[in-house]
Number of protein chains: 2
Amino acid sequence: MGYQFWKTETLETFCLDVFEKFGFSGEDAAFITDVLLKSDLYGIESHGVQRLYRYYKGLLSGMIRKDAVPEILFETPVSAVIDGNDAMGQLVGRLAMNKAIEKAQTSGIGIVTVRNSNHYGIAGYYAKMACEKGFIGLSCTNTNPITVPTYGRTAMLGTNPIAIAVPADPFDFYFDAGTSVVTRGKLEVYNKEGKPLHEGWALDGDGIPTVDASVVLGNIAHHGGGGIMPLGGASEETGGHKGYGYAMLCELFSSIFSLGTPSSRTGRDGRALICHGFAAIDPAIFGDAVAIREHLSDYLEDIRRSPKAAGAERIYTHGEKEYEAEKRILREGIPVNDNTMAEFKEVCDGLSLDFGRYFSGYELRDTGFGGNFY
Amino acid sequence: MGYQFWKTETLETFCLDVFEKFGFSGEDAAFITDVLLKSDLYGIESHGVQRLYRYYKGLLSGMIRKDAVPEILFETPVSAVIDGNDAMGQLVGRLAMNKAIEKAQTSGIGIVTVRNSNHYGIAGYYAKMACEKGFIGLSCTNTNPITVPTYGRTAMLGTNPIAIAVPADPFDFYFDAGTSVVTRGKLEVYNKEGKPLHEGWALDGDGIPTVDASVVLGNIAHHGGGGIMPLGGASEETGGHKGYGYAMLCELFSSIFSLGTPSSRTGRDGRALICHGFAAIDPAIFGDAVAIREHLSDYLEDIRRSPKAAGAERIYTHGEKEYEAEKRILREGIPVNDNTMAEFKEVCDGLSLDFGRYFSGYELRDTGFGGNFY
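Computed from a predicted model, the values in this text were never measured in an experiment. The residue numbering used here restarts from 1 in each chain and proceeds along that chain's sequence as written. To label them, take the chains in the order written and letter them from A, then take the ligands in the order written and number them from 1. The predicted origin of the model limits local features to residues at a pLDDT of at least 70 and limits the giving and counting of side-chain atom pairs to 80 or more, whereas totals for whole chains, interfaces and linings rest on all residues. Note that the side-chain values use all heavy atoms of the structure and ignore hydrogens as well as water.

Caption draft 1: Spotlight on the interface of chain B and chain A. Taken together, the contact pairs 87 residues of chain B with 87 residues of chain A. The junction of chain B with chain A conceals about 7,100 Å² of combined surface from both sides, 70% of it contributed by carbon and sulfur atoms. If you sort the residues of chain B by the area they bury against chain A, B:Tyr246, B:Phe286 and B:Tyr299 come out on top, with a joint share of 11%. One salt bridge connects A:Asp302 with B:Arg265, and the closest N-O pair in it is separated by 3.2 Å. Polar contacts, as used here, are pairs of N or O atoms within 3.5 Å; protein pairs need one atom able to donate a hydrogen and one able to accept it. Residues neighboring in sequence count only if both atoms are side-chain atoms. Joining chain B to chain A, the criterion identifies 32 residue pairs in polar contact (both at pLDDT 80 or more). Classifying every residue of the side of chain B that touches chain A by side-chain character gives 49 nonpolar, 26 polar and twelve charged. The contact criterion used is simple: two residues touch if any of their non-hydrogen atoms lie within 4.5 Å. Note on definitions: buried area is the accessible-area loss of two parts on being combined, 1.4 Å probe, summed for both. The salt bridge definition used is simple: a Lys or Arg side-chain nitrogen within 4 Å of an Asp or Glu carboxyl oxygen. Three classes are used: nonpolar for Ala, Val, Leu, Ile, Met, Phe, Trp, Tyr, Cys and Pro, charged for Asp, Glu, Lys and Arg, and polar for all others, with Gly counted as polar.

Caption draft 2: Expanded view of the packing of helix α3 (residues 52-61) of chain B against helix α11 (residues 338-351) of chain B. Residue and element names in this part refer to chain B. Fitted lines through C-alpha atoms serve as axes, helices being fitted only where they are in contact, and the angles separating the N-to-C directions of these axes extend from 0 to 180 degrees. Strands are runs of DSSP state E lasting at least two residues, helices are runs of H or I lasting at least four, and both sets are numbered from the N terminus onward. Interhelical geometry of α3 versus α11 gives an angle of 30° and a closest axis separation of 9 Å. In this view, α3 runs roughly parallel relative to α11, as classed from their interaxial angle. For the element pair α3 and α11, the recorded crossing hand is left-handed. Every residue of α11 that contacts α3 at Leu52, Tyr53, Tyr56 and Lys57 is listed here: Glu343, Phe344, Glu346, Val347, Gly350 and Leu351. Partitioning the contact of α3 with α11 into residue classes produces six nonpolar, one polar and three charged. What sets the label is the angle itself: under 35 degrees gives roughly parallel, over 145 gives roughly antiparallel, 65 to 115 gives roughly perpendicular, and the rest give oblique. Note: crossing handedness is left-handed where the near helix turns anticlockwise from the far helix by less than a right angle, and right-handed where it turns clockwise.

Caption draft 3: Up close: the relation of the copies chain B and chain A. Alignment of the copies relies on least squares applied to C-alpha atoms, considering only residues that score at least 70 for pLDDT in both. Of the transformation superimposing chain B on chain A, the axial component is 0.0 Å and the angular component is 180°, with the fit at an RMSD of 0.0 Å. When the rotation and shift are considered jointly, the pair of chain copies conforms to a two-fold rotation axis. Nearest to the rotation axis, the C-alpha of B:Gly232 is located 2.6 Å from it, this being the minimum over chain B.

Caption draft 4: Layout of empty space enclosed by the protein. In this analysis a 1.4 Å probe is tested at points of a 1 Å grid over the protein atoms alone, and where it fits but cannot get out there is a cavity; an open set with protein on both sides within 12 Å along at least five of seven lines is a pocket; lining residues have an atom within 4 Å of a point. Grid points are joined across faces, edges and corners, and a volume is the space filled by probe spheres set on the points. Summed over the entire model, instances satisfying the criterion amount to one cavity of 30 Å³ or more. Taken as a whole, the largest cavity holds about 550 Å³ of empty space. When its residues are assigned to classes, the lining of the largest cavity shows 23 nonpolar, four polar and no charged.

Caption draft 5: Quick peek at the environment of B:Gln105. As for its position among the elements, B:Gln105 is in helix α4 (residues 89-107). Considered as a pair, B:Gln105 and B:Ile281 are 176 residues apart in the sequence and their alpha carbons are 8.5 Å apart.

Caption draft 6: Structural view of helix α9 (residues 289-305) of chain B. Residues and elements named next belong to chain B. Under the 1.5 Å per step criterion, the end-to-end length of α9 is 24 Å for 17 residues, consistent within 8% with the ideal 24 Å. Taken together, the buried positions of α9 are occupied by Ile292, His295, Leu296, Ser297, Tyr299, Leu300, Ile303 and Arg304. Sitting at the head of α9, Asp288 places a side-chain oxygen 3.0 Å from the backbone nitrogen of Val290. For a helix, the expected span equals 1.5 Å multiplied by the number of residues minus one. Remark: exposure states derive from per-residue accessible area (1.4 Å probe, protein chains only) relative to the maximum for the residue type, with buried under 20%, exposed over 50%, and partly exposed in between.

Caption draft 7: How the structure looks around the sheet that holds strand β7 (residues 173-177) of chain A. Residues and elements named next belong to chain A. Here a strand pair is declared whenever DSSP counts at least two bridges between the two strands. Across the sheet, seven strands lie side by side as β2-β3-β4-β10-β5-β6-β7; this open sheet has mixed pairing. Only two strands of the sheet have a single partner each, and these edge strands are β2 (71-76) and β7. Direction aside, neighbouring strands of the sheet carry axes that sit 10° apart on average. Taken together, the four bridges between strand β5 (residues 136-141) and strand β6 (residues 162-166) define a ladder with antiparallel strand orientation. Note that in β6 the partner of Cys140 across the bridge is Ile162. Docked against the sheet, helix α5 (residues 123-131) engages β5, β6, β7 and β10 (274-281), running at close to 25° with respect to β6.

Caption draft 8: Looking closely at the environment of A:Lys128. All names here are of chain A. Secondary-structure assignment places Lys128 in helix α5. Taking the C-alpha atoms as reference points, Lys128 and Asn144, separated by 16 residues in sequence, lie 24 Å from one another. The contact partners of Lys128, leaving out residues within four places of it in the chain, are Tyr42, Ala165, Asp172 and Tyr174.

Written as structure tokens, this is what we have:
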């Protein structure tokens, strides 16, 4: 499959127009667009503009209610519970993280749990919102059922990413990862390339280990049973119960404390029912925020400089790849695959937007790819 | 190696006498003993009375300062920073978790970070302290350097367990796990049994993957380089950077926010310099604590009842094994291996305690085991 590189501004203009066409305000459209583009700039193609089509479909079907306003159900000086009311996930996430930050500003810490939302993009975006104000930021979200608990054969958990961002130099500590052993996005890559999966990554619908990505993706899409294993793989011997535990940690701060819908029951009756969790912590509640920042930066530098494994050239600390990717991609452009370009064309046609105005010179190709697993 | 089963009361009396001999008050000795025995009752032999010898040695050497009093360095209504002053880890942990709980009682949440402590037993014990008061409890601790960052070959991280306990029925959600792919304790079991390790579990001192447990344990003990891989194994492809991220999460809330010593530099100059993190959260900050407890219990039951993988009979939720182990072990007795019994004898001799008074009828055996890796 081919890739076309586009300037950030090109994709930004296109996304803004798409969301404004749906009736979002300029400010809201800009926020949603920023979440999408930040993922591409971090080098995470799976959660970037590639997802635009999914949001488009969700807005058309009413799974995402474009006029919905998220509602604060309950508040204390250190917490809030929000009902997303099926609004656009990014806008729910913005409200929730801003609420957490506001509480951290007055109380030192804020935790917000959210129910009845939609897919909100990369969890790390929200963690970074807090980090950019000098706070420790955390966010997690449940998802559609994808991950199988250890010794189960039904996806009772989502990929359930947990993200944390902490101010550091020369770049923030930034960790954002699914608690499954592998992301659905990576399975899609293996599927496109026809590569067998690693052992211990997935089960088929009969609960038997499989290395066939297409089987697993098809089952996820059509609720055929099986799914992806938690980080650590298929057994307790290899630590699968630990990944399952981190997936539960995500579920607690998203669906459980909000009295929302656990991943096992999301996506029913035309509603996404996705739940998120957010926290912001002022490092000054531990004393000297500047000293903490320096202390963390020193430790991260120690790790990066420590001796390398045989055959390895470099040790990364979390956030380093995203930091470098952003600089490179801003310079080189955002890569968009042909399949996504075909989806952009469909979006333009559906919304009466002129594809050629954004992507002049691009000729649609038959990608030969049989279809995405949304 | 053989095992001898002892009544909880027998081991309790013995441990109490050991700690009182060192000059701890009855109350302090009882707390330390309870932390040790709780681990055995949960079926976690590695952190139970087997560790008594390690504490004994630490108290003798002065690494653990028995008269030290931990000090509160900084406080806000939602947080505290404590200097353990090299005191017994369990007593530092008790103070810190009680402080977190006290703040949760008044502010809804309390986070406490601790530096300059010693090994504090199972992280889960402290999470449970909060849970038993109806709160969400979290705790984590760094350790000696044992875990290698992805693509590194020097242990810059500890096994860095993270524990969380949340009230539920018929038993609490209770997750306590090291962020390394495997614990040092499990390596010791593989070593004793002469079994090869799994691929992706460990590196030797040259940064080359090894399946020889004795090499890895020897290197950990003598700072020979290499170590255990993070959960997810040796490469990013298998998710090793995720386990490395969770290990960092632990390090943040223990050594970084306390301005303490990261795992990479612990154990220097005769001091352990271990750091811990604690949090207690009142579920009522999210509204109806009773409804949350029921909601979590229902979800856990859904998971346990969901279809099983091929060949699997049962899906556990976190805390279930400990819940069942405690009932069984209280009935059957705590298993203590012959090697540990030999250490008990040495402790008795060293402290002028009568081994036969506690363990009458037990004959010391030559275990043929070449030595522990402390």
